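# Reading the structure
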Amino acid sequence: MKPKLVIVGAAGRMGQRILSLCKESADFDIIAAVETKGHPDSGKDAGINGVKIGPEFPQTADAVIEFALPEASEQTLRFCIEKKAALVMGTTGLSTEQKKKVEAAAKDIPIIYGTNMSVGMNVLFSLAGKTAAMLGDEYDIEIIEQHHKFKKDAPSGSALTLAENICKATGRDLQNCVVFGRSGERKKGTIGIHSVRAGDITGVHSVIFGTQGETVTLSHTAHSRDCFAKGALCAAKWLVGKKPGFYTMADVLKLK
Ligand SMILES: NC(=O)c1ccc[n+]([C@@H]2O[C@H](COP(=O)([O-])OP(=O)(O)OC[C@H]3O[C@@H](n4cnc5c(N)ncnc54)[C@H](O)[C@@H]3O)[C@@H](O)[C@H]2O)c1
C-alpha cells in the first residue's frame, strides 16, 4: 500500500508543484489538499484521486508536506502528532517560538524541517561551512540571496541556514556576527546577508569569500520550484516509518 499523503498549502506555488509531481509518480496516495478556510480555490479539484482543495484535515495520514505560512504550522503539528504522521515542513519564516514547537514535536513524530529541500542547495549548505573553515578568517564572507517579488520573508531561510553552517564550522556566534543589508563600513569577522526581491526569480544563493587578491564564490540557482518539490517528496518517502526524531535533508541525502 502506498503511504497516504496530505499537502498543506495545496493551492500555493509549492503545493501545486507537489500535487502535479505526485500525479506523475506512484509513490504516494494523495488523500487531502489542505488550504485556508475561504480560500478562492476551496472546493476545486486538486487534480488527483478526486481530492478537493479545502480546509479540512483527513481522519488519518502517513505523511504530511507543508509549504504554507508560519501560522499554519501549529495546526499541522497538532494533526501530525495526533495521527502519528511523518511531517516534512518546508514553510520558512517561522518565529523562534514556532521553531521550538517544531523541535518539540520530534519527540512524538519523525520530522524534517528544511529551509531548502533541493539536493543542490543542501550540498551548498555543506560546502559553505567546509569552505569557510578551509579558507580561514582572512576571507570576508557575504551571502546574497535573490527571490521573486512575492516572497513574504526576508532574509530567506536558506540564507540563514548558510550563515548558521558557516558559524558552526568556524566557531562564530551567529547572533553577533550576522549583519543584514549592511550600511557603512565592514567589520572583520562579520557575515553580511543581502536580500534581493525582483520579478519572478525562483531562488539564487551566492556565498562570496573575498580576500586581498582573490574571491571564491559558491552559488546555487533554482530554475524552477520542482527542485524543492522533488526534494520534499524524496524526504517524505525517506521519513515514513522512521522513529520519532528531528531529521534533516543532510540525513536524507547522506551528506553527514
Ligand atoms: N523549504 C523549501 O525548500 C522551500 C522552497 C520554496 C518555498 N518555501 C517556503 O514555502 C512557503 C510557501 O511558499 P509558496 O511559494 O508556495 O507560497 P504561496 O504563497 O504561493 O503558497 C502558500 C499557500 O499556503 C496557504 N496557507 C496559508 N495559511 C494556511 C493555513 N493555515 N492552512 C493551509 N494553507 C495555508 C496559502 O493560502 C497559499 O495558498 C513559504 O514559506 C516559502 O518561503 C520553502
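Residues numbered from 1 in each chain as written. Predicted model: local features only at pLDDT ≥ 70, side-chain atom pairs only at ≥ 80, totals over all residues. Heavy atoms only, no water.

### As for the packing of helix α4 (residues 119-135) against helix α5 (residues 157-170)
Filter applied, for reference: Interaxial angle, 0 to 180 degrees, is taken between N-to-C directions of lines fitted to C-alpha atoms, where a helix line uses only the stretch in contact. Comment: elements are numbered from the N terminus, with helices defined as DSSP H or I runs of at least four residues and strands as E runs of at least two. The crossing is said to be left-handed when, going from far helix to near helix, the turn is anticlockwise and less than a right angle, and right-handed when the turn is clockwise. Contact between two residues is taken to exist if any of their heavy atoms lie within 4.5 Å; hydrogens are not considered. Any residue that is not Ala, Val, Leu, Ile, Met, Phe, Trp, Tyr, Cys, Pro, Asp, Glu, Lys or Arg is counted as polar, Gly included; the first ten are nonpolar and the last four charged.
Where α4 contacts α5, the axes come no closer than 8 Å and their chain directions differ by 35 degrees. As for the relative orientation of α4 and α5, their crossing is right-handed in sense. Of the residues in α5, those touching α4 at M121, L124, F125, S126, A128, G129, A132 and A133 are S158, T161, L162, N165, I166, A169 and T170. Of the residues belonging to the contact of α4 with α5, the class tally is nine nonpolar, six polar and no charged.

### Structural notes on the packing of aromatic side chains
Our working definition: For Phe, Tyr and Trp, where Trp contributes only its six-membered ring, two rings pair if their centres lie within 6.5 Å, and the inter-plane angle classes them as stacked under 30 degrees, edge-to-face over 60, or tilted in between. Type-normalised accessible area, obtained with a 1.4 Å probe on protein chains alone, sets the label of each residue: buried when under 20%, exposed when over 50%, and partly exposed for intermediate values. Only when the NZ atom of a Lys or the CZ atom of an Arg is both within 6 Å of the ring centre and within 35 degrees of the ring normal do we say a charge sits over the ring.
Following the criterion strictly, the structure yields two aromatic pairs and no others. Ring geometry for F57 against F79: centres 4.7 Å apart, planes inclined by 35 degrees, an arrangement best described as tilted. Pair noted here: F57 is in the loop between β3 (53-54) and β4 (63-66) and F79 is in helix α2 (residues 73-83), with a separation of 22 residues, a long-range link. In terms of burial, F57 and F79 fall into one category: buried. Here the basic side chain of K242 rests over the ring of W238, its NZ or CZ set 4.3 Å away from the ring centre.

### Details of the domain arrangement of the chain
To keep things clear, this is the line we draw: In this document the domain limits rely on a domain assignment from an automatic tool or a database. We define buried area as the total accessible area lost by two parts upon association, computed with a 1.4 Å probe and summed across both. A side-chain nitrogen of Lys or Arg and a carboxyl oxygen of Asp or Glu constitute a salt bridge if their distance falls within 4 Å. In protein, a polar contact means a hydrogen-donor-capable atom and an acceptor-capable atom, both N or O and within 3.5 Å, with residues adjacent in sequence counting only if both atoms are side-chain atoms; elsewhere, any N or O pair within 3.5 Å suffices.
Under the domain assignment, the chain is made up of domain 1 (4-113 + 225-252) and domain 2 (119-222). Averaged C-alpha coordinates put domain 1 and domain 2 at centres separated by 28 Å. Domain 1 puts nine residues into the contact, and the matching count from domain 2 is eight residues. Of the roughly 750 Å² buried at the junction of domain 1 and domain 2 (both faces included), carbon and sulfur atoms supply 58%. Ranking the residues of domain 1 by area buried against domain 2 places R13, T92 and R225 at the top, with a combined share of 45%. Between the two partners, domain 1 and domain 2, sit zero salt bridges. Inspection of the region where domain 1 meets domain 2 yields two residue pairs in polar contact (both at pLDDT 80 or more). Of all the elements in the fold, those that place two or more residues in the side of domain 1 that touches domain 2 are α7 (226-239) and α8 (249-252). Classifying every residue of the side of domain 1 that touches domain 2 gives five nonpolar, two polar and two charged.

### Details of the site of the ligand
Stated formally: We call a residue near a molecule or strand when any one of its heavy atoms sits within 4 Å of it. Accessible areas in this description were obtained via Shrake-Rupley with a 1.4 Å probe; residue shielding takes into account the shown protein chains only.
Taken together, 24 residues lie near the ligand, and R13, M14, E35, T92 and M117 sit nearest. Contacts to the ligand include M14, whose backbone N or O atom sits 2.8 Å from an oxygen atom. A distance of 3.1 Å separates a nitrogen atom of the ligand from a polar backbone atom of T115. In isolation the ligand exposes 850 Å². Once the protein is present, 86% of that is buried. Residue composition of the shell around the ligand, by class: ten nonpolar, ten polar and four charged.

### Some details on the side chain of S118
Following the sequence through the fold, S118 ends up in the loop between β6 (110-113) and α4. At 3.0 Å, the side chain of S118 and the backbone nitrogen of M121 are in polar contact.

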